[in-house]
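Fold and geometry: a report
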Amino acid sequence: MDRSADPPPEARAIAELVDRLGRVVRAGEHQGGLNPAQWEALRYLARCNRFSNTPGALARYLAATKGTVSQTLNALERKGLIERRPDPASGRVVRLLLTRAGRALAAKDPLIQLATAAAGCDRRVRAAAADVLADMLAALQRANGLVPFGVCRTCRHFRPHAPNGAPHWCALLDERLSEADSRSICVEHSPLAA
Ligand code: SF4
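The following paragraphs examine the structure supplied in this document. Model, not experiment: these values are computed from the prediction.

1. Thoughts on the packing of helix α3 (residues 55-62) against helix α4 (residues 66-78)
- Remark: α3 packs on α4, axes separated minimally by 9 Å, with the N-to-C direction vectors making an angle of 110°. In this view, α3 runs roughly perpendicular relative to α4, as classed from their interaxial angle. Regarding α3 and α4, the two cross each other, and that crossing is right-handed. Residues Pro55, Gly56, Leu58, Ala59 and Leu62 of α3 pack against Lys66, Val69, Ser70 and Leu73 of α4.

2. Here we look at the packing of helix α2 (residues 36-47) against α4
- Packing of α2 against α4 brings their axes to within 10 Å, and their N-to-C directions diverge by 80°. One finds that α2 runs roughly perpendicular with respect to α4. Counted together, Ala37, Gln38, Ala41 and Leu42 of α2 and Thr72, Leu73, Ala75 and Leu76 of α4 form the full contact between these two elements.
- Tallied by class, residues from the contact of α2 with α4 come to six nonpolar, two polar and no charged.

3. A word on the site of the ligand
- Around the ligand lies a shell of 13 residues, among which Cys152, Cys155, Cys170, Cys186 and Glu188 are the nearest.
- The residue makeup of the shell around the ligand, split by class, is nine nonpolar, three polar and one charged.

4. Comments concerning the nonpolar core
- Ala41, Leu42, Leu45, Leu73, Leu76 and Ile82 are the most contacted members of the largest nonpolar core, which totals 17 residues.
- If you list the elements that add at least two residues to this core, you get α2, α3, α4 and α5 (100-106).
- Ranked by residue count, the leading element in this core is α2, at four residues.

The rules behind each value
Residues numbered from 1 in each chain as written. Predicted model: local features only at pLDDT ≥ 70, side-chain atom pairs only at ≥ 80, totals over all residues. Axes fitted to C-alpha atoms, helices over the stretch in contact; angles between N-to-C directions. Helix = DSSP H or I, 4+ residues; strand = E, 2+ residues; numbered from the N terminus. Parallel < 35°, antiparallel > 145°, perpendicular 65-115°, else oblique. Left-handed = near helix turned anticlockwise from the far one by under 90°. Contact = placed C-beta atoms within 7 Å. Nonpolar A, V, L, I, M, F, W, Y, C, P; charged D, E, K, R; others polar. Near = placed C-beta within 6 Å. Core = buried A, V, L, I, M, F, W, Y, C linked by C-beta atoms within 7 Å. Buried ≥ 20, exposed ≤ 12 C-beta atoms within 10 Å, placed from the backbone.

Structure representation (structure tokens):
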């Protein structure tokens, strides 16, 4: 990314709009009794797949230290929104699961208000905006060496409509994927174009 070039006015306008939208969402987040970091963790755990629900994956997703993430998880646990469980296949791995109260709160995510506002726009405009924002995110992740994350349908390891009986298949992890799995975000995601 060329940091020396002065961004054109419309690029600056997009950056300012993204920032202001973020502020609106964060203002709504405080009404739910969680701080923004706790909302980000809750939102991630509501959307990630079964390979990605660990403290380490969450730390990578948030680009935060394990210590910071641990404090956030402790707070969510004290509030009865998540629970930690040892992985049945490897007791050293801790899995993070939303409790019923956690799922109920995640369903009231203030981000839904933003999605509802987007739904009011023309479908083609929405699709174009989503492409622009996805490109911006990918560029920033590359520039900062961050893990991309993403869902199966944009991953090069995804094998849709697998012939072996699974709805879908992950060629990297050699695992079945349900329809819901294929729409969840994954720490192992590798973009199609990579
Ligand atoms: S196909 Fe890609 S995104 Fe989906 S589970 Fe496998 S590695 Fe993760």
